[in-house]
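Observations on the three-dimensional arrangement
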Amino acid sequence: MSLKRDKSDSLFSRALNVIPGGIYGHVSPIAGLPRFFPHYTQKASGFKFVDVDGNEWIDFMCGFGAILHGYSNPEIEESVNDQRSMGSVFNQPSPLMVDLAESLTNAIDFAKWAVFAKNGSDLTTWALRVAREYTGRPYVIKAKGAYHGVDAWCDPGFGGRIESDRSSILEFSWNDLNEFKKLLSEYDNQISSVILTPYHHAAFAPSILPSDHFWSELEKECRSKGIILILDDVRAGGRLHEGGSHKYFDFCPDLSIYSKGLGNGYGISACAGAEFLRGASKEVFLTGSCWNDAFAMAAAIKSIEISLRDSVAQSVLAKGEYFCNGLIDRAQEFDLPLTMTGPSSMPYPWFKGDEDLFRIQKFCELSAKQGLYFHPHHNWFISNALDYGDLDLTLELAGYAMKELVDFEGSK
Ligand code: PMP
């Protein structure tokens, strides 16, 4: 398939004049993306999107996780449309905020209250402060290489940062409980919270699942030392378990934060909390532009309802397993050492020995020529709009890309 990209390129040239770098984040062209990737999307529906040049793509990124039930999901759009004639942002919240808090606290077993904002970062940072307010302690423990948002205490960049931004942030290597316990004893009685994702999903590296006793031991340590356990479920929320990813790994946080899949493309985030933190939560100021956006709340209510009704987490895990196994089988046919790391609903592909990422980049580039949108250094996301027939087609197309990859490498 030959990909057109005139409009994408000309838009990008215009962008360079008015947007520093043209595009930022994971789709910045300087981030090592395949040269066939489009810069701009025109429209999307279900599991497909169409770029500005009219090329159609089978999507495995789901708006970097923001889409769980498929682009422009009809039920969600209908709920938003019902609210459209009444408006989105007011001085006060709409009644939907109460409905949404009730849905969320019903779905999340430990949660007795919830608050809302627009971004994951808003609430990971807020949650840290709630824990500090409750404990009166300054330090926070996180995993090395974990992303919790754009704020200076955790962003992966260096720009504009000063030393004090991170002076209260301590780090340990994921799964290394000895290193974790060492921090607990070194900073005895000074640690307010531990913030972790349900499993380790760093960019540019294979995902790492928690080892057997990781969560149970970590939870026990936190409980015994009065440390607040914060689950950053911004990325995985809704994709591992309908009741939150802690259910999938069998532990219980004190606060958990959701965003990406929650509004299925409408900007919203939520922090759900245990009863004992209700008082502290009231002391930490929270607001924001469009904080009460009723469209996003209508979308989130419907998104939770669909997830529970259709067991969507189990569905994307099963589809993901079928897809990952199929991809690995095809890779084996070509003697390519592909593993799909992390949970099957949000797999991270890894060719053994490909530390420089050249092979995965080439594979994603060749897959792009087949109309497959596979990202070379970020975990992929399985959309629930995909059915098994779509996955079979994807596997067939991915097989052509693998054949080309092997031919390309053989010709070097
Ligand atoms: N935590 C995790 C695990 C994330 O993946 C992200 C977003 N990629 C965030 C926090 C920050 O969320 P947002 O981009 O909505 O601020």
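To be clear, the structure that these remarks concern was listed above.
In this text the structure is predicted, and so the values were computed from the model without any measurement.

Regarding the site of the ligand
- Every residue near the ligand is listed here: Asn119, Gly120, Ser121, Tyr147, His148, Gly149, Thr197, His201, Asp232, Val234, Arg235 and Lys260.
- Arginine 235 is positioned with one of its side-chain polar atoms (N or O) 2.9 Å from an oxygen atom of the ligand.
- Lysine 260 places a side-chain nitrogen or oxygen 3.3 Å from a nitrogen atom of the ligand.
- Taken by itself the ligand offers 390 Å² of open surface, and the protein chains cover 87% of this.
- Of the residues contributing to the shell around the ligand, the split by class is two nonpolar, seven polar and three charged.

A closer look at the pattern of salt bridges
- Taken as a whole, this structure holds 19 salt bridges when the rule is applied.
- Among the charged side chains, a salt-bridge network with shared partners connects Glu75, Arg309 and Asp310.

Some words on a nonpolar patch on the surface
- Together, Val18, Ile19 and Tyr24 make up an exposed nonpolar region whose accessible area comes to about 350 Å².
- In this fold, tyrosine 24 is placed in the loop between helix H1 (6-18) and strand E1 (41-45).

A short note on the sheet that holds E1
- Strand order in the open sheet made by the four strands is E1-E2-E3-E13, with mixed pairing throughout. With partners counted over all chains shown, the strands left at the sheet margins are E1 and strand E13 (372-373), one partner each.
- As paired elements, strand E2 (residues 48-51) and strand E3 (residues 56-59) share three bridges and run antiparallel to each other. From the neighbouring strand, valine 50 faces E3, where its bridge partner is glutamate 56.

Considerations on the packing of helix H3 (residues 96-107) against helix H9 (residues 294-309)
- Relative to each other, H3 and H9 sit at 30°, their axes nearing to 9 Å. On the basis of their axis angle, the class for H3 and H9 is roughly parallel. The handedness of the crossing between H3 and H9 comes out as left-handed. Within the contact between the two elements, H3 uses Leu96, Met97, Asp99, Leu100, Ser103, Leu104 and Ala107 and H9 uses Ala294, Met297, Ala298, Ala300, Ile301, Ile304 and Leu308.

Points about the packing of aromatic side chains
- With the rule as written, the count across this model stands at 23 aromatic pairs.
- On the numbers, 5.1 Å between centres and 70° between planes, the contact of tyrosine 134 with phenylalanine 276 is edge-to-face. Of the two residues, tyrosine 134 sits in helix H4 (residues 120-135) while phenylalanine 276 sits in the loop between strand E10 (269-273) and helix H8 (278-283), which places them 142 residues apart along the sequence.
- Seen from the ring of phenylalanine 351, arginine 359 lies directly overhead, with NZ or CZ sitting 5.7 Å from the centre.
- One Lys or Arg, lysine 362, reaches over the ring of phenylalanine 408 and ends 4.1 Å from the middle of that ring.

Structural notes on helix H10 (residues 312-333)
- Helix length check: H10 (22 residues) gives 32 Å between terminal C-alpha atoms against 32 Å at 1.5 Å per residue, within 8%.
- In the stretch just after H10, aspartate 335 is the one whose phi turns positive, near 60°.

Some details on the sheet that holds strand E6 (residues 169-172)
- In spatial order, the strands read E4-E10-E9-E8-E7-E5-E6; together these seven strands make up an open sheet with mixed pairing. Edge positions in the sheet fall to strand E4 (113-117) and E6, since each has one partner strand and no second. Recorded for the sheet is a direction-independent mean angle of 20° between the axes of neighbouring strands.
- On the sheet, H3 packs against E4 and E10 and is oriented at approximately 125° with respect to E4.

Details of the nonpolar core
- If you look at the biggest cluster of nonpolar residues, it comprises 81 residues, and the most contacted ones within it are Leu218, Phe323 and Phe363.
- Looking at this core, the element that brings in the most residues is H10, giving eight residues.
- Once you skip the residues sitting within four places of it in the chain, leucine 218 turns out to touch Phe172, Leu177, Phe180, Val194, Leu196 and Leu229.
- Counting 24 residues, the second largest nonpolar core, distinct from the first, contains Met97, Leu100, Ile108 and Ile301.

Some remarks on the pairing of strand E9 (residues 255-258)
- Of the two faces of E9, the one carrying Leu255 and Ile257 and the one carrying Ser256 and Tyr258 are both buried.
- Here strand E8 (residues 228-232) runs beside E9; their pairing, made up of three bridges, is parallel. By the bridge assignment for E9, isoleucine 230 is matched with leucine 255.
- Pairing of E9 with E10 involves four bridges; the strand directions are antiparallel. By the bridge assignment, serine 256 is partnered in E10 with alanine 272.

Focus: the pairing of strand E7 (residues 191-196)
- Within E7, six of the six residues are buried, which leaves the element mostly enclosed by the surrounding structure.
- Judged from the four bridges that link them, E7 and E8 form a sheet pairing that is parallel. Residue pairing in the sheet places serine 193 in a bridge with isoleucine 228 of E8.

Quick look at helix H12 (residues 388-410)
- Between the first and last C-alpha of H12 there are 32 Å, a value that for 23 residues agrees with the 33 Å anticipated at 1.5 Å per step.
- Along H12, the residues that are buried comprise Asp390, Leu391, Thr394, Leu395, Leu397, Ala398, Gly399, Ala401, Met402 and Leu405.
- Looking at the buried side of H12, the elements it contacts are E3, H10, strand E11 (338-341), strand E12 (348-351), helix H11 (358-369) and E13.
- N-cap assignment for H12: the residue whose side-chain oxygen lies 3.0 Å from the backbone N of glycine 389 is aspartate 387.

Things to note about the side chain of serine 344
- Tracing the backbone shows serine 344 in the loop between E11 and E12.
- Polar side-chain contacts of serine 344 include one of 2.7 Å to the backbone oxygen of leucine 317.
- In this view, serine 344 contacts Leu317, Gly320, Glu321, Cys324 and Ile382; residues no more than four positions away in its chain are not counted.

Definitions and cut-offs
Residues numbered from 1 in each chain as written. Predicted model: local features only at pLDDT ≥ 70, side-chain atom pairs only at ≥ 80, totals over all residues. Heavy atoms only, no water. Near = heavy atom within 4 Å. Polar contact = N/O pair within 3.5 Å; in protein donor to acceptor, adjacent residues only side chain to side chain. Areas by Shrake-Rupley, 256 points an atom, 1.4 Å probe, with all protein chains shown as cover. Nonpolar A, V, L, I, M, F, W, Y, C, P; charged D, E, K, R; others polar. Salt bridge = Lys/Arg side-chain N within 4 Å of Asp/Glu carboxyl O. Patch = residues over 30% accessible without salt bridge, like charges linked within 9 Å, V, L, I, M, F, W, Y side chains within 5 Å. Helix = DSSP H or I, 4+ residues; strand = E, 2+ residues; numbered from the N terminus. Pairing = 2+ DSSP bridges. Axes fitted to C-alpha atoms, helices over the stretch in contact; angles between N-to-C directions. Parallel < 35°, antiparallel > 145°, perpendicular 65-115°, else oblique. Left-handed = near helix turned anticlockwise from the far one by under 90°. Contact = heavy atoms within 4.5 Å. Phe/Tyr/Trp six-rings, centres within 6.5 Å; stacked < 30°, edge-to-face > 60°. Lys NZ or Arg CZ within 6 Å of the ring centre and 35° of its normal. Expected span 1.5 Å × (residues − 1). Core = buried A, V, L, I, M, F, W, Y, C linked by side-chain atoms within 4.5 Å. Buried < 20%, exposed > 50% of the residue type's maximum accessible area, 1.4 Å probe, protein only.

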